[in-house]
Amino acid sequence: MKKISILIPCYNEEENVIPMSEAVTELFETELVQYDYEIVFIDNNSSDNTRILLRKICSGNRHIKAIFNAKNFGQFNSPYYGMCQTTGDCTISMCCDFQDPLELIPRFIQEWEKGYKIVCGIKTSSKENKIMRFLRTCYYKIIRKMSDVDQIEHFTGTGLYDRSFIQVLKDLDDPTPFLRGIVAEMGYKRKDIPYEQQKRRAGQTHNNWFTLYDAAMLSFTSYTKVGLRIATIAGFVMAFVSIIVALVYLILKLVYWERFVAGVTPILLAVLVLGSVQLFFIGFLGEYVLSINKRMMKRPLVIEEERINFEEEMLGSNMIKKIVS
């Protein structure tokens, strides 16, 4: 009997973890009875009652497992690490807030049985804020045009991953993994399943401008070099223009020495413009340096505080290493 792993990352989802576990369990006990299953919750150091409820859920069903992170390790490391802890023949990653319809699970499995190693959920429409939807669309189109890798538009990581691809993730030496880019760059031939993203069942989203900016910069610094090329070209062009302006200014001053009056305003504006452009590209370059720094430090993806309902053999030396790279 094939085993399906369902990975559900969570953070302050006390209103959703019980309904989610019940819904997924019912799905496997009614529609997917031909499969064994496990549900793995990975909690990113919730501050509400999420962990208390997860302990209760796990005590009543051995199919449900939980990993408690020692602290919040971010929106990318925690799900990635959780996928590497699953034991099924394939792993399906789903949000805990019901924005990803559970009806996708049978569709993912159906395509997997046809031979696809990766099945991606693609948000063709969304009930989220229209402004956020527009900004996300612009971001995906920009990153797709700028990246050397053919990025997947409106793919957030929700999908099915065969055990062979999970092994690729385990072997990947990257302490700051960006799953969406990894799937596009290293993934097998995949099948895309369109769906409409629903509103959150309960609770509030934990995404904000900072987390969205962090995600955007991680993808830019990991999969594009256009930004650095633009900085180089812009610097060359502006240096050339500055030399021409300086020569023209010198000639005018020599020819019209008595009538030529040097204005302070043009010089001040030039300094402000050049200075702002320099600061922008220095900051942009700093994002690349920061990304390199994180990768060079080789810190673990996640440090566990506790895990529940995992078999004894999963607690061996290989698991203690926490997949540090």
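Source: prediction; values computed, not measured. (Residues numbered from 1 in each chain as written. Predicted model: local features only at pLDDT ≥ 70, side-chain atom pairs only at ≥ 80, totals over all residues. Heavy atoms only, no water.)

1. Some words on the packing of aromatic side chains
Our working rule: Only centres within 6.5 Å qualify two rings of Phe, Tyr or Trp (six-membered ring in Trp) as a pair; their planes then separate them into stacked at under 30 degrees, edge-to-face at over 60, and tilted for everything else. We call a residue buried when its accessible area falls under 20% of the maximum for its residue type, exposed when it is over 50%, and partly exposed in between, using a 1.4 Å probe and counting protein chains only. Counting from the N terminus, the helices are the DSSP runs of H or I reaching at least four residues and the strands are the DSSP runs of E reaching at least two. By the criterion adopted, a ring carries a charge over it if an Arg CZ or a Lys NZ lies within 6 Å of its centre and within 35 degrees of its normal.
Scanning the entire structure with this criterion turns up four aromatic pairs. Judged by centre distance (4.8 Å) and plane angle (15°), the rings of Phe28 and Tyr37 are stacked. Like Phe28, the residue Tyr37 is buried in the burial classification. Note on Phe76 and Phe178: the rings are 5.5 Å apart at their centroids and 75° apart in plane angle, and the pair reads as edge-to-face. One end of the pair, Phe76, is in helix H3 (residues 74-84); the other, Phe178, is in the loop between helix H6 (163-171) and helix H7 (179-186), with 102 residues separating them in the sequence. Among the aromatic residues, those joined into a cluster by ring pairs are Tyr161, Phe165 and Tyr188. The ring of Phe73 has Lys71 sitting right over it, with the charged end atom 5.3 Å from the ring centre.

2. Some remarks on a negative patch on the surface
How we decide: Each patch is built from salt-bridge-free residues with over 30% relative accessible area, joining like charges within 9 Å and nonpolar side chains (Val, Leu, Ile, Met, Phe, Trp, Tyr) within 5 Å. Areas reported as accessible are Shrake-Rupley estimates using a 1.4 Å probe. Residue values count occlusion only from the protein chains shown. Salt bridge criterion: a side-chain nitrogen from Lys or Arg within 4 Å of a carboxyl oxygen from Asp or Glu. In this tally, Asp and Glu contribute negative charge and Lys and Arg positive charge; neither His nor the terminal groups of the chain are included. Charged side chains are reduced to one point each, which is NZ for Lys, CZ for Arg, CG for Asp and CD for Glu.
Side chains of Glu22, Glu26, Glu29, Glu31 and Glu103 sit close together on the surface and give a patch of like negative charge. In this structure, Glu29 sits in helix H1 (residues 17-30).

3. A few points about a nonpolar patch on the surface
Together, Ile233, Phe236, Val237, Phe240, Val241, Ile243, Ile244, Val245, Leu247, Val248 and Leu252 make up a nonpolar patch on the protein surface, roughly 1,000 Å² of accessible area in all. Mapped onto the elements of the fold, Val237 is located in helix H9 (residues 226-255).

4. Thoughts on the nonpolar core
The test is simple: Definition of nonpolar core: a set of buried residues of the types Ala, Val, Leu, Ile, Met, Phe, Trp, Tyr and Cys, connected through side-chain atoms within 4.5 Å.
Within the largest apolar cluster, 37 residues are counted, with the highest numbers of intra-cluster contacts made by Ile4, Ile6, Phe41, Ile92, Ile105 and Ile109. Of all the secondary-structure elements, those providing two or more residues to this core are strand E1 (3-10), H1, strand E2 (36-43), helix H2 (50-60), strand E3 (64-69), strand E4 (90-93), helix H4 (104-113) and strand E7 (190-197). In this structure, Cys120, Val183, Ala184 and Leu301 belong to the second largest nonpolar core, which totals 25 residues.

5. Notes on the pattern of salt bridges
With the rule as written, the count across this model stands at ten salt bridges. The salt bridge partner of Lys3 is Glu38, with a shortest N-O separation of 3.6 Å. Residue Lys3 is found in strand E1, and its partner Glu38 is found in strand E2; the two are separated by 35 residues along the sequence.

6. Side note on the confidence of the model for the protein
How we decide: The pLDDT value expresses, per residue, how confident the predictor is, ranging between 0 and 100. By the convention used here, residues are in contact when the closest approach between their heavy atoms is within 4.5 Å.
Averaged over every residue, the pLDDT of the protein is 79; residues scoring 70 or more account for 71%. Across residues 315-325, confidence stays below pLDDT 50; counting only partners more than four residues off in sequence or on other chains, it has 19 contacts.

7. Here we look at H2
An α-helical segment advances 3.6 residues per turn. Residues three or four places apart therefore align on the same side. What counts is decided by this rule: This arc is built from the directions going out from the helix axis to the C-beta atoms.
Along H2, the positions that sit buried rather than exposed are Thr50, Arg51, Leu53, Leu54, Ile57 and Cys58. Along H2, the residues classed as buried sweep out an arc of 155° about the axis, all on the same side. In H2, the exposed positions angled more than 90 degrees off the buried face are occupied by Ile52, Lys56, Ser59 and Gly60. For H2, the elements touching its buried residues are E1, H1, E2, E3 and strand E8 (304-308).

8. Thoughts on the state of the cysteines
What counts is decided by this rule: A pair of cysteine sulfur atoms is labelled a disulfide when the two atoms are within 2.5 Å.
If you walk through the whole model with that rule in mind, you get zero disulfides. Here Cys96 stays free of any disulfide, with the sulfur of Cys10 as its closest cysteine sulfur at 5.2 Å. Cys96 sits in the buried class, given a relative accessible area of 2%.

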